[in-house]
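Overview (structure and organization)
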Amino acid sequence: MLTVGARARAFDEVIDVSAPVRPATTCVRVLVLRSALLAAGRRGAGGVRGSASLTGAQNGTLIESLGLIFSTTTMNMSMDDSSHHGMTMNSDSHAHHSPTSTPGHDHGSGSMMMMTFYFGYKKVELLFPGLVINSVGGMVGACVVVFLCALAYEGLKISRECLLRKSQVNVRYNSMPVPGPNGTILMETHKTVGQQMFSVPHLIQTVLHIIQVVISYFLMLVFMTYNGYLCIAVALGAGAGYFLFSWKKAVVVDITEHCH
Amino acid sequence: MMPMYFFASDQVVLLFDFWNIHSVAGMVLTVVIVLLMTVLYEMLKVETVKLDKKILDLVAAPPNPQDETAETLPINPNSQKTSCKRWIWVHVLQSVLHIIQVVLSYFLMLCAMSYNVWVFLSIIAGAGIGYFVAYPLIKTC
């Protein structure tokens, strides 16, 4: 929990924002508090729990008592599982402060806040610093790119499988006598396939494996943004990729391997 | 606010806004639901394997009469035309199951990311129970 000093420091930072703040409006109050909490949180959990060092100006003043009231309100609001409608985040827009009703979500540092699924397209940070979605067009573009990424991931999986089959070398057939029914002796044939370690197909497989692992982690991180649109894009992309590429898996099969 | 290490607690918010747990009873219910989700995930994987075999049966349809090398292909009662049509539907069903499987796997990953000890244990237990129950259902020929 935030100590008094941290709250005072956080509120101090909020006062420096040049946006015209009208404390009477609930939306704006939440806006102010959310930035205060995030600013305090961004300094790290360790600093928050440190000793409370009040500056003289804030000791027992109206500002500090207001800060206490505001931060408890924020605590209650963040503990509630209300929807994100009131929590419009706009911590660095000084020009205008219109709290719109579209739900937004700030991702300060990963898993700082309680993360639940939401639908929004404002201030969505995606994987890299500076890659922030702020509009419908941006969100549509991001969804398309994520869809294509998931599609490419499924395709890459199947292509690797095909390449592996094509590059099978050292096929050995071992025939072993096996006692069958009625005392007869049957010949059972085992097929062993192998691959050399320092061969070009294996190196290509390794490079493709690295690419596949990286793309899979990127898709996991996209899903971890908890943005509903992006998650749906990942799921549909995986399904479309499976539909488009996985028929190849069914066709390229050995006729002697029908029993796996 | 959320620690990045495992902790045992009765309070958790999982995946959605309404899934907000504050009590032991809620935590027990959460554990049961997550366990069932994991069991469902394992059974979906088994279903995919079974559908794969079914597609193989459909694709390895009646061989050419001149082909003598085919040894013991499974006897396929479907004719060529209906097997093609049926193959598409089985493939669509496989794709839908794949989407559900991907979404479930991501949901389970996010549940594990809550770093709650009970939820994590329920995921592990569900995986074990699911594997135990589902995999023998793959009938080997």
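Not measured: the values here are computed from a predicted model. (Residues numbered from 1 in each chain as written. Chains lettered and ligands numbered in written order. Predicted model: local features only at pLDDT ≥ 70, side-chain atom pairs only at ≥ 80, totals over all residues. Heavy atoms only, no water.)

1. Points about the overall build of chain B
When its secondary structure is counted, chain B shows three helices and two strands. Listing every helix and strand of chain B by position from the N terminus yields β-β-α-α-α. Relative to its full complement of 141 residues, chain B shows a buried share of 38%. At a minimum sequence separation of 6, the contacts of chain B that also span at least 24 residues come to 69%. (Helix = DSSP H or I, 4+ residues; strand = E, 2+ residues; numbered from the N terminus. Buried < 20%, exposed > 50% of the residue type's maximum accessible area, 1.4 Å probe, protein only. Contact = heavy atoms within 4.5 Å.)

2. Considering the nonpolar core
Formed by 50 residues in total, the largest nonpolar core has its most connected members in F117, F223 and L230 of chain A together with L15 of chain B. Counting residues per element, the ones that place at least two in this core are α5 (136-166), α6 (200-223) and α7 (228-251) of chain A together with α1 (24-59), α2 (80-112) and α3 (117-134) of chain B. Broken down by element, this core gets its largest block of residues, 11 residues, from α2 of chain B. Those residues in contact with L230 of chain A that sit more than four places away from it in its chain are V124, L126, M139, A142, C143, V146, V222 and T225 of chain A. (Core = buried A, V, L, I, M, F, W, Y, C linked by side-chain atoms within 4.5 Å.)

3. Details of the packing of α5 of chain A against α6 of chain A
Residues and elements named next belong to chain A. Where α5 contacts α6, the two axes come as close as 10 Å, and the packing angle between them is 150°. Comparing their axes, α6 and α5 come out roughly antiparallel. Considering how the two elements wind past one another, α5 and α6 form a crossing that is left-handed. Here V146, C149, A150, Y153, L156, K157, R160, L163 and L164 of α5 lie close against α6, whose contacting residues are I204, Q205, L208, H209, I211, Q212, I215, S216, L219 and V222. (Axes fitted to C-alpha atoms, helices over the stretch in contact; angles between N-to-C directions. Parallel < 35°, antiparallel > 145°, perpendicular 65-115°, else oblique. Left-handed = near helix turned anticlockwise from the far one by under 90°.)

4. With respect to the UniProt feature "transmembrane region" (unreviewed entry) in chain B
Within the UniProt annotation, "transmembrane region" (unreviewed entry) is assigned to residues 20-44, 87-109 and 115-138 of chain B. For residues 20-44 of chain B, the end-to-end C-alpha separation is 27 Å, with 84% helix and 8% strand making up the annotated structure. (UniProt positions renumbered as here; feature names shortened; annotations may be inferred.)

5. With respect to the packing of aromatic side chains
Counting across every chain of the model gives 13 aromatic pairs over all chains. Aromatic pair F119 of chain A and Y229 of chain A: ring centres 5.0 Å apart, planes at 65°, arrangement edge-to-face. Of this pair, F119 of chain A sits in the loop between α4 (62-79) and β1 (124-125) while Y229 of chain A sits in helix α7; the two residues are 110 residues apart in sequence, bridging distant segments of the chain. Judged by its relative accessible area of 46%, F119 of chain A is partly exposed. Taken together, the ring pairs in this structure connect F117, F223 and Y226 of chain A together with F16, F18, Y106 and F107 of chain B into an aromatic cluster. (Phe/Tyr/Trp six-rings, centres within 6.5 Å; stacked < 30°, edge-to-face > 60°.)

6. Section: the pattern of salt bridges
Here the structure, examined in full by the defined rule, presents four salt bridges over all chains. Taking the shortest distance from any N to any O, the salt bridge between E154 of chain A and K157 of chain A comes out at 3.9 Å. Taken together, the positions of E154 of chain A and K157 of chain A, both in helix α5 and three residues apart, correspond to about one turn of that helix. Accessibility expressed as a relative area gives 30% for K157 of chain A, which makes it partly exposed. Note that E42 of chain B is salt-bridged to K45 of chain B, the shortest N-O span being 4.0 Å. One end of the pair, E42 of chain B, and the other, K45 of chain B, are both in helix α1, three residues apart, so they sit about a helical turn from each other. The buried category is assigned to E42 of chain B, whose relative accessible area is 9%. Its relative accessible area of 26% is what places K45 of chain B among the partly exposed residues. (Salt bridge = Lys/Arg side-chain N within 4 Å of Asp/Glu carboxyl O.)

7. So, the UniProt feature "transmembrane region" (unreviewed entry) in chain A
Residues and elements named next belong to chain A. In this numbering, the UniProt entry assigns the feature "transmembrane region" (unreviewed entry) to residues 126-153, 200-220 and 226-245. What you have in residues 126-153 is 64% helix and 7% strand, and the ends, taken at the C-alpha atoms, are 18 Å apart. End C-alpha to end C-alpha, residues 226-245 measures 27 Å, and it is 90% helix and 0% strand.

8. Description of the confidence of the model for chain B
Of the residues in chain B, 80% reach a pLDDT of 70 or more, and the chain-wide mean stands at 81. We note a pTM of 0.60 for the whole complex and an ipTM of 0.73 for its interfaces. (pLDDT = per-residue confidence, 0-100.)

9. Structural notes on the environment of V12 of chain B
Residues and elements named next belong to chain B. Here V12 shows up in strand β1 (residues 12-13). Here the alpha-carbon distance between V12 and Y115, two residues 103 residues apart in the chain, equals 9.3 Å. In contact with V12, other than residues within four places in its own chain, are W19, N20, I21, M27, S114 and N116.

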